[in-house]
Amino acid sequence: MEWLEFGRWSPEVKQLLAHQAARLSATARLPVPPAPSRENASARARKLEALLRQTPASNPWGHPAAEC
């Protein structure tokens, strides 16, 4: 396994990598992730419950209606 014996990058390779990183950071602008929501778990649970009530109950496995 030759990659385990790898010592260091040559100065030329370091320079090329630095140049590529500089070009990438100058051209690629990553979107800023949205701020995390401040709502608590119970508020999220209520929203999920309301969302689930909007859709009709499905019974794809044929269970009795009492189990739905």
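Refer to the structure printed above.
Colleague: Give me the lowdown on the pattern of salt bridges, citing residues and values where you can.
Modeller: One pass over the structure, following the stated rule, counts 1 salt bridge. One salt bridge in this structure joins Glu 49 and Arg 53, with 2.6 Å as the shortest N-O distance. Pair noted here: Glu 49 and Arg 53 are both in helix 2 (residues 41-54), with a separation of 4 residues, about one helical turn. Accessibility expressed as a relative area gives 40% for Glu 49, which makes it partly exposed. Of the residues examined, Arg 53 reaches a relative accessible area of 64% and is grouped as exposed.

The rules behind these values
Residues numbered from 1 in each chain as written. Predicted model: local features only at pLDDT ≥ 70, side-chain atom pairs only at ≥ 80, totals over all residues. Heavy atoms only, no water. Salt bridge = Lys/Arg side-chain N within 4 Å of Asp/Glu carboxyl O. Helix = DSSP H or I, 4+ residues; strand = E, 2+ residues; numbered from the N terminus. Buried < 20%, exposed > 50% of the residue type's maximum accessible area, 1.4 Å probe, protein only.

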